[in-house]
Structure formats: structure tokens, C-alpha cells
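So you can see what is in the structure, the chains are spelled out below.
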Amino acid sequence: MNTQTNLYKIEEELEDSGYHYICGIDEVGRGSLAGPIVVTAIIMPLDFRIDGINDSKKLTDKKRRELYKVIKKNALAISTIYINNEEVDELNVYQATKLGMIKAIKKLKIEPDYVLVDAMPLGNLGIKYESLIHGDARSASIAAASIIAKVTRDDYMIKMDFKYPNYGFARHKGYCTKKHVLALETYGPTEIHRKTFYPVSKYYIEDRQLRFDFNTDEEAK
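Okay, so let's go over this structure. (Residues numbered from 1 in each chain as written. Predicted model: local features only at pLDDT ≥ 70, side-chain atom pairs only at ≥ 80, totals over all residues. Heavy atoms only, no water.)

**Quick notes on the overall build of the protein**
Within the protein, the regular secondary structure consists of eight helices and five strands. Listed by position from the N terminus, the elements making up the protein come as α-α-β-β-α-β-α-α-β-β-α-α-α. Scaling as 2.2 N^0.38, a compact globule of 221 residues should have a C-alpha radius of gyration of about 17 Å, and the protein matches this with 19 Å. With respect to the three principal axes, the spread of C-alpha positions in the protein is 60 × 35 × 25 Å. Of all 221 residues assigned to the protein, the portion counted as buried reaches 49%. Within the protein, contacts between residues at least 6 apart in sequence are counted, and of these 64% link residues at least 24 apart. Accessible surface, the protein: about 11,400 Å² in total, of which carbon and sulfur atoms supply 49%. Side chains of the protein carry 33 positive and 32 negative charges; the gap between the two charge centres is 2 Å. (Helix = DSSP H or I, 4+ residues; strand = E, 2+ residues; numbered from the N terminus. Rg over C-alpha atoms; globule rule 2.2 N^0.38 Å. Buried < 20%, exposed > 50% of the residue type's maximum accessible area, 1.4 Å probe, protein only. Contact = heavy atoms within 4.5 Å. Areas by Shrake-Rupley, 256 points an atom, 1.4 Å probe, with all protein chains shown as cover. Lys, Arg positive; Asp, Glu negative; His and termini not counted. Charge placed at Lys NZ, Arg CZ, Asp CG, Glu CD.)

Structure below.
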């Protein structure tokens with residue numbers, strides 16, 4: 001049995017147990033210093049197989065975008081939720097992600113009868129579910145959700161690169177790279193940075209006012 005077949009093993013076992021609408025759910029952006037967490041819930045046809053599907057982190061941008069089109073075209077239901085930086089700061093990243101996942105499931109146009117989630121206990125969901133460690137590398141449904149969430153969030157951060165051209169969001173997507181930290185040191189945080197995440201947090205004083213004015217006039221080189 002090859003790796004591709006293994007990604008459908010859990011869904012096949014659930015189908016054999018009588019489940020018809022299996023939802024995969026995943027998030028992208030929990031560790032980013034800026035921008036939203038994007039959560040996607042998805043229900044794929046049980047008899048549909050996608051060649052090359054995998055954890056979005058293991059795919060090239062080109063391959064992700066190819067699979068994104070296939071998944072969007074063939075999915076029975078897709079729901080994507082944005083959790084903005086203010087919500088992350090207010091709730092904390094764990095609770096914000098959990099809430100976003102529950103909202104994404106409830107927003108689906110088809111109610112799932114089983115949910116596969118990537119490494120997040122969802123409490124009393126009211127639907128049978130399983131939290132899988134490294135779920136995006138074990139379940140095709142979770143992998144499909146991770147691809148949709150990743151491409152969606154990447155495109156959002158590329159748009160933010162036009163709004164805040166000094167920060168390099170199109171390249172690092174808001175994660176903590178050396179260039180991103182240097183931009184923070186030079187220009188200070190933007191409106192989409194997470195105030196509670198270090199090193200962003202060090203640019204705020206006790207009254208929560210910025211030490212720097214927003215500066216988006218010139219692109220940092």
C-alpha cells in the first residue's frame with residue numbers, strides 16, 4: 001500500500017462504519033506574527049481521490065495551487081473562517097483557533113456526521129470527531145482542508161504586502177523571519193500584527209499605544 005492510499009485509510013474505515021459526510025478541518029497561521037489564522041472545514045465525496053494530495057507544508061506553492069482548484073471544484077462543502085489578529089490577541093491563539101474551527105464546521109452547508117481535526121480537541125461539539133496528531137499527513141480530508149486554508153491565507157498576506165510594502169509579507173507570510181524582525185525594528189508594527197506575540201509585544205507600552213507610527217510608504221530592501 002503506498003502513501004497516497006494511506007491518506008484515505010481513515011476515511012475508508014469511517015465509510016465502512018456507516019459515515020457519509022466526513023469533514024476534515026485544519027488551520028494555517030497560528031505561529032505567525034501578523035495576519036489572521038485561517039481555518040477551513042471541508043467535506044469531500046467519499047469515492048473521490050486526488051492524486052498528489054498531502055500536508056500543505058510538504059507541497060510546493062505551484063502544487064498547492066493546482067490541488068486547490070481540484071479540491072474547490074469537487075468538494076461537497078467548504079467553509080473558511082478568518083480569525084483576525086485582534087481576536088487572537090483577545091482570546092489567545094489556542095482558544096481563537098478552537099472557536100474558529102467550531103464556527104467553520106457550523107458554517108458548512110452540509111452537516112457532517114464525523115469530523116477529523118488536526119491536533120485540536122473540540123470539546124462537546126455535538127458531532128462525533130477525532131483529533132489526529134499530524135492529521136494533515138494522515139487524512140486526505142484534513143490535507144484538503146490544509147491546502148485550502150494555506151492558499152487562502154497566502155493570498156491574503158500577498159494583498160497585505162501591497163498595503164504594507166515595507167514588511168515583506170508576500171515572502172514570509174507574516175512569520176518570524178530575520179527580514180520580518182528587521183522590518184519591525186525599522187518601522188514598528190502594523191495594524192495586522194499580533195500585539196501579544198513576541199517580538200511584536202515589545203513595541204507596545206503599558207497604555208497599549210504604539211511606539212512607532214505606521215509606515216508603508218517605501219518598500220524595505
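**Quick word on helix 3 (residues 61–74)**
Under the 1.5 Å per step criterion, the end-to-end length of helix 3 is 20 Å for 14 residues, consistent within 8% with the ideal 20 Å. Buried within helix 3 we find R64, L67 and I71. Along the long axis of helix 3, the arc covered by the buried residues comes to 70°, so they all point the same way. Exposed residues on helix 3 whose side chains face more than 90 degrees from its buried face are K62, K69 and K73. (Expected span 1.5 Å × (residues − 1). Arc of directions from axis to C-beta.)

**Focus on the sheet that holds strand 5 (residues 129–132)**
Reading across from one edge, 3-2-1-4-5 is the order of the five strands in this open sheet, with mixed pairing throughout. Lying at the two open borders of the sheet, with one neighbouring strand each, are strand 3 (77–83) and strand 5. The sheet shows a mean angle of 15° between the axes of neighbouring strands, taken without regard to direction. Together, strand 1 (22–28), strand 2 (37–43), strand 3 and strand 4 (114–118) form the strand contacts of helix 5 (residues 93–107), whose direction differs from that of strand 3 by roughly 150°. (Pairing = 2+ DSSP bridges. Axes fitted to C-alpha atoms, helices over the stretch in contact; angles between N-to-C directions.)

**Let's talk about the packing of aromatic side chains**
Per the stated rule, a full pass over the model turns up five aromatic pairs. On the basis of an interplanar angle of 55° and a centroid distance of 5.9 Å, the ring pair of Y82 and Y156 is categorised as tilted. Of this pair, Y82 sits in strand 3 while Y156 is found in helix 6 (residues 140–163), placing the two residues 74 residues apart along the sequence. Since its relative accessible area comes to 42%, Y82 is described here as partly exposed. (Phe/Tyr/Trp six-rings, centres within 6.5 Å; stacked < 30°, edge-to-face > 60°.)

**A closer look at the nonpolar core**
The biggest cluster of nonpolar side chains holds 28 residues, and the ones touching the most others in it are I25, V39, I105 and L122. At the level of secondary structure, the elements contributing two or more residues to this core comprise strand 1, strand 2, strand 3, helix 5 and strand 4. Broken down by element, the residue count for this core peaks at five residues, all from helix 5. Setting aside anything within four residues of it in sequence, one finds I25 in contact with V39, T40, A41, M101, A104, I105, V115, L116, V117, D118, I142 and A145. (Core = buried A, V, L, I, M, F, W, Y, C linked by side-chain atoms within 4.5 Å.)

**Concerning the pairing of strand 3**
The two faces of strand 3 differ: A77, S79, I81 and I83 on one face are buried, but I78, T80 and Y82 on the other face are not. Across seven bridges, the pairing between strand 2 and strand 3 is antiparallel. Paired with I43 across the two strands is A77, which belongs to strand 3.

**Side note on the packing of helix 3 against helix 6**
The relative placement of two packed helices comes down to the angle between their axes together with the axis-to-axis distance. Axis separation between helix 3 and helix 6 bottoms out at 9 Å; the angle between their running directions is 115°. The chirality of how helix 3 crosses helix 6 is left-handed. Of the residues in helix 6, those in contact with D61, R64, R65, L67, Y68, I71 and K72 of helix 3 are A144, I147, I148, K150, V151, T152, D154, D155 and I158. (Left-handed = near helix turned anticlockwise from the far one by under 90°.)

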